[in-house]
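# Tertiary structure, described
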Amino acid sequence: MNRMTKKHLSALSGLIGLALVMRFFSFFPSVINHDESTYILIAEGLLKGKVYFKDYIDTKPIGIFLLYAGFLKIISGITAIRIFTALWIGLTAWVLYLAKLRLGSDAKAAKAAGVIYIFLTSIFTFYGVAPNTELYYCLFTSLALWLVSGSATTPAWVLAGLSLGLGFMLKYVVVFDAAALGLFLWWRQAQFKSGWPVFWLRALLMMVAMLLPFALAWAYYAQAGLGDTFRFYTFEVMKNYPVSRSLPDYLKFLADFFLRFLPVTAMFFYALFSGSTPRNVRMLGALWAALVLAPVMITGRLFGHYFIQLMPVFALLAGEFFAAGRSDALPRWLRPLLQRRLGYPLLALLMLANVLLQKKDYFDKPDYPRIVSNWLRERMQPGEVVYAGNFHQIVYFLLPQDCPTPYVHRSLLWEPHHIAALGIDERREWEHIIGQSPRWVLYQGRWRDNLFTRHLQAHYRRVEVFGKDIMMLEQR
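Reference entry: report on the structure contained in this document. Predicted model, so just to flag it, every value in this text is computed and none were measured.

Scanning the protein chain from terminus to terminus reveals 20 helices and four strands. Counting only C-alpha atoms and orienting by the principal axes, one finds that the protein chain spans roughly 75 × 55 × 50 Å. In the protein chain, buried positions account for 54% of the 476 residues. Contacts spanning at least 24 positions in sequence make up 71% of the contacts within the protein chain whose residues lie at least 6 apart. Charged side chains of the protein chain number 48 positive and 29 negative; the gap between the two group centres comes to 11 Å.

Okay, the environment of Asp 256 next. Mapped onto the elements, Asp 256 comes out in helix α11 (residues 247–260). What makes Asp 256 partly exposed here is its relative accessible area of 31%. Once the C-alpha coordinates of Asp 256 and Ile 89 are considered, the two residues, 167 residues apart in sequence, prove to be 23 Å apart.

Quick look at the pairing of strand β2 (residues 440–444) now. Counting buried positions over the five residues of β2 gives four, a clear majority of the element. Direction of pairing for strand β1 (residues 386–387) relative to β2: parallel, over a ladder of two bridges. Paired with Val 386 across the two strands is Trp 440, which belongs to β2. Direction of pairing for β2 relative to strand β4 (residues 470–475): antiparallel, over a ladder of five bridges. Note on β4: the bridge partner recorded for Gln 444 is Ile 470.

Looking now at unusual backbone geometry. With an omega of -10 degrees, the peptide bond between Leu 399 and Pro 400 qualifies as cis. Here Pro 400 shows up in the loop between α17 (394–398) and α18 (416–422). Positive phi, normally seen in glycine, also occurs at Phe 53, with a value near 80 degrees. Residue placement: Phe 53 occurs in the loop between α2 (34–47) and α3 (63–74). Residue Phe 53 is classed as buried on the basis of its relative accessible area, which comes to 5%. One non-glycine residue with positive phi stands out, namely Ser 437, at about 50 degrees. Among the structural elements, Ser 437 can be located in the loop between α19 (426–435) and β2.

What follows deals with the packing of helix α13 (residues 279–298) against helix α14 (residues 311–318). Axis separation between α13 and α14 bottoms out at 10 Å; the angle between their running directions is 155 degrees. The pairing of α13 with α14 is recorded here as roughly antiparallel in orientation. The handedness of the crossing between α13 and α14 comes out as left-handed. Along its contact with α13, which presents Val 281, Leu 284, Gly 285, Trp 288 and Ala 289, the element α14 presents Pro 312, Val 313, Leu 316 and Leu 317. Taken together, the residues of the contact of α13 with α14 break down into eight nonpolar, one polar and no charged.

Turning to the layout of surface pockets, a few remarks are in order. Leftover empty space is mapped by rolling, across the atoms, a probe with the size of a water molecule. Reported here for the second largest pocket is a volume of approximately 1000 Å³. Contributing to the lining of the second largest pocket are 39 residues, with Lys 171, Thr 299, Arg 301, Phe 303 and Tyr 306 lying nearest its centre. Elements supplying a minimum of two residues to the lining of the second largest pocket: α2, α6 (133–148), α8 (174–192), α13 and α18.

Inspection of the entire model under this criterion finds 17 salt bridges. A salt bridge links Asp 367 to Arg 370, with the shortest nitrogen-to-oxygen separation between them at 3.2 Å. When the shortest N-O distance is used, the salt bridge between Arg 439 and Glu 474 registers 2.6 Å. Within this pair, whereas Arg 439 is found in the loop between α19 and β2, its partner Glu 474 is found in strand β4, the two being separated by 35 residues in sequence. Among the charged side chains, a salt-bridge network with shared partners connects Glu 384, Arg 439, Arg 461 and Glu 474.

Bringing the packing of aromatic side chains into the picture now. A complete count under the given rule lists 60 aromatic pairs for this structure. With 5.1 Å between their ring centres and 5 degrees between their planes, Phe 53 and Tyr 233 make a pair best called stacked. Here Phe 53 is found in the loop between α2 and α3, whereas its partner Tyr 233 is found in helix α10 (residues 227–240), with 180 residues between them in sequence. In this structure, Phe 53 and Tyr 233 share a single accessibility class: buried. Looking at Lys 50, its charged tip hangs above the ring of Tyr 56, at a distance of 5.6 Å from the centre. Over the aromatic face of Phe 124 sits the side chain of Arg 260, whose NZ or CZ is 4.6 Å from the ring centroid.

What counts, and at which threshold
- Residues numbered from 1 in each chain as written.
- Predicted model: local features only at pLDDT ≥ 70, side-chain atom pairs only at ≥ 80, totals over all residues.
- Heavy atoms only, no water.
- Helix = DSSP H or I, 4+ residues; strand = E, 2+ residues; numbered from the N terminus.
- Buried < 20%, exposed > 50% of the residue type's maximum accessible area, 1.4 Å probe, protein only.
- Contact = heavy atoms within 4.5 Å.
- Lys, Arg positive; Asp, Glu negative; His and termini not counted.
- Charge placed at Lys NZ, Arg CZ, Asp CG, Glu CD.
- Pairing = 2+ DSSP bridges.
- Axes fitted to C-alpha atoms, helices over the stretch in contact; angles between N-to-C directions.
- Parallel < 35°, antiparallel > 145°, perpendicular 65-115°, else oblique.
- Left-handed = near helix turned anticlockwise from the far one by under 90°.
- Nonpolar A, V, L, I, M, F, W, Y, C, P; charged D, E, K, R; others polar.
- 1 Å grid on protein atoms, 1.4 Å probe; cavity = no way out; pocket = protein on both sides within 12 Å on 5 of 7 lines; lining within 4 Å.
- Points joined across faces, edges and corners; volume = space filled by probe spheres on them.
- Salt bridge = Lys/Arg side-chain N within 4 Å of Asp/Glu carboxyl O.
- Phe/Tyr/Trp six-rings, centres within 6.5 Å; stacked < 30°, edge-to-face > 60°.
- Lys NZ or Arg CZ within 6 Å of the ring centre and 35° of its normal.

This is the structure we're talking about:
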């Protein structure tokens, strides 16, 4: 094994180890974010032969559920999936490290980029700790960058397109990452002003490879007689989701992200405008950051986890702050931060603080979905139906039990904007659930007025309360 390979493998083990430590206490709670619960339940359904968009319905492409089905085939349990996710994040950081080396940065800057990415995704609950699709497709976008960032061959371009296509099947906003990468490749080709026929051939092959997974998914649904269904959930539903926001709303949303990660924000902009940053890295950073911010803002649904899409390029640029010799260009009071005797202890303190805060947030608090599931397991009889209502849907996985409605994500039947966007026949769906005569129903918070809650109040009695407002209702 040559010296360079040993260095790369050492970086891989170090980054994976860091991801495992930084996310350790997030491995244990049954729910951090209910999107992950949906991935798990629908993936489990796919393994049982259910068909997505028919038996189970959500707003995301099928890719994330196939990925989780793969997880469940290899490993079982929520904790195991969280560990797998940490490994995935560590691998993404390593691919960023490799890509940064290919782009002309030195080893220190490349390692720093990987470390920064792990920190960015492992501190705040709704900005990376909660597993979301962004955490998974960032590996595919980073892999595509690595494949074409050096003296890439035509097969490398095709593989990069396929990698982007796999990311696209996790969430369609990956098209913006693809656009950024395509513009970067065009800019780089223009520098040399040669080989344009080869460039356009490669670009075409890359685009075809990217569209291949989507075409295969559409073909699968078409042959199953569900072509119109696939088209509706792919195009019509997505068209119904954006909402309008005021300019102050967008500015506040952006400011929240940039201030939340302020040290890294400062490093990012410093590297972006520093003449000592490799020109390739600066151009890529400018294009990628500008384009991926578009889908973050365009939907009007201002969720923190949308910014995860920006984090690879954020880390890629910010890592340049730690390049060899950088300290000479910094103010004297900042230079000790780049020295091992201060920088490493400070990094260790940040890691320790994060681990302790995660313990407080995810480990020390009561795990009510698990508590509720254990309570039910002691009382349920074979064949009885449970409906989790507006409580956490992970209860079905913990029991285990099938979800009595195709709309697994709890908000789809309980939030008016989801009902409108998906075109749900609300009355018909409530009647479908009522018709299954669930013995146990969970309800959290104040009563909402709809057909189902009126049915609950008339035909169910409260038998237990968990926490402040989680009611266990039993059929009379």
